[in-house]
Amino acid sequence: MTTDPVVHALGDLAHGSAHAADAPCACAPPEVLADRPDGTVVRSGPVVAKAHAPDTETTALAARLALAACPGLSGTLLRPLPAPDGTPRQVEGRAVSLWPYGEPVDPADPDAAPWEEAAALLARLHRTPPPHPLPPMRGPVKAARAVARMRGARTEDPGLAPVLAAWRGLPRWARGEGPPPEHRDGFLCHGDLHLGQLVRHPGRPGAWLLIDVDDAGLGDPAWDLARPAAWYAAGLLAPDVWLRFLDAYRAAGGPAVPAEGDPWPVLDVVARALTVQTAALALAKSAAEERRPDEVEQLMIDACARIASLPPELAAGHAS
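Residue numbers restart at each chain and count upward from 1, following the sequence in its written direction. Owing to the predicted nature of the model, reporting of local features is limited to residues with pLDDT of at least 70; listing and counting of side-chain atom pairs is limited to 80 or more, with chain, interface and lining totals taken over all residues. Note: side-chain values were computed over all heavy atoms of the structure, leaving out hydrogens and water.

(A) Spotlight on the packing of helix H4 (residues 139-153) against helix H8 (residues 264-288). To obtain an axis, a line is fitted to C-alpha atoms, over the contacting stretch when the element is a helix, and the angle between two such axes runs from 0 to 180 degrees between their N-to-C directions. Per the convention used, a helix needs a DSSP run of H or I reaching at least four residues, while a strand needs a run of E reaching at least two, with both numbered from the N terminus. Put simply, H4 and H8 touch, their axes get as near as 8 Å, and they point 35 degrees apart. Between H4 and H8 lies a crossing of left-handed hand. Between H4 and H8, the contacting residues are Gly-139, Lys-142, Ala-143, Ala-146, Val-147, Arg-149, Met-150 and Ala-153 on the first element and Ala-273, Val-276, Gln-277, Ala-280, Leu-281, Leu-283, Ala-284 and Ala-287 on the second. The residue classification treats Ala, Val, Leu, Ile, Met, Phe, Trp, Tyr, Cys and Pro as nonpolar and Asp, Glu, Lys and Arg as charged. All others, Gly included, are polar. Taken together, the residues of the contact of H4 with H8 break down into twelve nonpolar, two polar and two charged. Should the near helix be turned counterclockwise from the far one by less than a right angle, the crossing is left-handed, whereas a clockwise turn marks it as right-handed. Any two residues whose heavy atoms approach within 4.5 Å at even a single point are treated as in contact.

Rendered as structure tokens:
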């Protein structure tokens, strides 16, 4: 544990929620699972406490937590532990939520990555009618923030040019500057899908669930397919893995792409947006660490250069 007061407070909260105060305690020390500007997560036994980003809107977060607690999504989203009065707790000025601990995907075993399971969960989420009013899905906002972070970290770096050019080639809605086309709006979306957002259900061994609803809301369901699509296009995801993911999503009735045929007219814009977001974060992170982008990061930056080199008529063709 660090000396960070937020981390210590989360550890105390998770520990206090794991068992009754007067129960005998043989708990291991609280464990920091993540400590980033957008969220700090600490585990004590079966309970995880999360401090959300400092600029989190409490009303929007409450709506998202209520979504995760909705009975109709009990097999799709991990259900939070109930707050005493139904609103997020506060720790050191940060909104906090409590969750049961679930076993994450093992990064050391990529062959066992649950791509099909992730696709089926997304399809189920996208097919579910919104149970109550929700804010917009925050995927495009996250992309815009990544670009802003990159600009702040590398103010005079000419290497930003292809990333910024690819960013400017996106439609306004994909840059978080307006709503998506009406025919693509209004679906329940996760907003930040990657394999780190899956855990095995703590009460039903073997079942996977989606976690982290900080970016969930209403929007274009194609956004939730954008990261694996971008990785596939950049050469980071093997074609057979991408096809397994896509086929599983279609087999589960996912509405983001047509049931048959070429999915790329739908996925092109969102895949380009996630490529830019990933490249921007890579440039910001490498600048903060005073190093050059690594091989994987450079692949995403190079992908932005290819996107930026597209003739305007091709870029515009999928930008509406």
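(B) Region of interest: the nonpolar core. In plain words, nonpolar cores are sets of buried Ala, Val, Leu, Ile, Met, Phe, Trp, Tyr and Cys residues tied together by side-chain atoms within 4.5 Å. Categorising residues by exposure relies on relative accessible area from a 1.4 Å probe, with only protein chains included: less than 20% of the type maximum marks a residue as buried, more than 50% marks it as exposed, and the intermediate range marks it as partly exposed. Among the nonpolar cores identified, the biggest contains 78 residues, and Val-163, Leu-198 and Trp-223 are the most heavily contacted of them. Among all residues touching Trp-223, those that are not within four sequence positions of it are Met-137, Gly-139, Pro-140, Ala-143, Trp-173, Ala-174, Gly-191, Val-270, Ala-273 and Leu-274. Within the second largest apolar cluster, twelve residues are counted, among which are Val-6, Ala-14, Ala-51 and Val-91.

(C) Examining the sheet that holds strand S8 (residues 198-200) more closely. At least two DSSP bridges between two strands are required for those strands to pair. Read across the open sheet, the three strands follow the order S6-S8-S9; overall the sheet is antiparallel. In this open sheet, the two edge strands, each paired with only one partner strand, are strand S6 (103-104) and strand S9 (208-210). Sheet topology note: the S6/S8 ladder contains two bridges and is antiparallel. When the sheet's bridge partners are listed, Glu-103 is paired in S8 with Arg-200. Here helix H3 (residues 115-127) sits on the sheet in contact with S8 and S9, set at roughly 50 degrees to S9.

(D) Quick look at the packing of aromatic side chains. Note on aromatic pairs: the rings of Phe, Tyr and Trp (six-membered ring only in Trp) are paired at centre separations within 6.5 Å, and the planes decide the class, stacked below 30 degrees, edge-to-face beyond 60, tilted for the rest. In the structure shown here, the tally under the stated rule is seven aromatic pairs. Each ring, one from Trp-242 and one from Trp-264, has its centre 6.0 Å from the other, and the planes form 40 degrees; the classification is tilted. Highlighted residues: Trp-242 in helix H7 (residues 239-251) and Trp-264 in helix H8, separated in sequence by 22 residues. Through a chain of ring-to-ring contacts, the aromatic side chains of Trp-115, Trp-231, Tyr-232, Trp-242, Phe-245 and Trp-264 assemble into a single cluster. The cationic tip of Arg-43 hangs over the ring face of Tyr-101; the distance from NZ or CZ to the ring centre is 3.5 Å. Criterion for a charge above a ring: Lys NZ or Arg CZ within 6 Å of the ring centre, and within 35 degrees of the ring normal.

(E) Spatial organisation of the pattern of salt bridges. The term salt bridge refers to a side-chain nitrogen of Lys or Arg lying within 4 Å of a carboxyl oxygen of Asp or Glu. Applying the stated rule across the entire model yields 15 salt bridges. Note that Asp-38 and Arg-36 form a salt bridge whose closest N and O atoms lie 3.2 Å from each other. On the basis of relative accessible area, Asp-38 is assigned to the partly exposed category, the value being 37%. Look at Arg-36 and you get partly exposed, because its relative accessible area is 47%. Within the structure, one salt-bridge network assembled from shared partners comprises Lys-50, Asp-212 and Asp-214.

(F) Representation of the sheet that holds strand S1 (residues 31-36) within the structure. Spatial strand order, S1-S2-S3-S5-S4: five strands in an open sheet with antiparallel pairing. In this open sheet, the two edge strands, each paired with only one partner strand, are S1 and strand S4 (89-91). Pairwise comparison of adjacent strand axes, ignoring direction, gives a mean angle of 25 degrees for this sheet. Sheet topology places strand S2 (residues 39-44) next to strand S3 (residues 47-52); six bridges connect them, and they run antiparallel. The residue bridging Gly-39 from the neighbouring strand is His-52, located in S3. The strands touched by helix H1 (residues 5-18) are S1, S2, S3, S4 and strand S5 (94-100); relative to S2, the strand with the most contacts, the crossing angle is about 40 degrees. Across the sheet, helix H2 (residues 58-68) touches S3, S4 and S5, and the angle it forms with S5 is around 10 degrees.

(G) Focus on empty space enclosed by the protein. Both site types are read off a 1 Å grid over the protein atoms alone. A 1.4 Å probe that fits but cannot get out defines a cavity, while an open set with protein on both sides within 12 Å along at least five of seven lines defines a pocket; lining residues have an atom within 4 Å of a point. Grid points are joined across faces, edges and corners, and a volume is the space filled by probe spheres set on the points. Enumeration according to the criterion identifies one cavity of 30 Å³ or more in this entry. Forming the boundary of the largest cavity are Lys-142, Gly-191, Asp-192, Leu-193, Trp-223, Asp-224, Ala-226, Arg-227, Leu-274 and Gln-277. At the level of elements, helix H6 (226-234) and H8 are the ones that each hand at least two residues to the lining of the largest cavity. The class makeup of the residues in the lining of the largest cavity is four nonpolar, two polar and four charged.

Coordinates in, geometry out; function isn't part of it.
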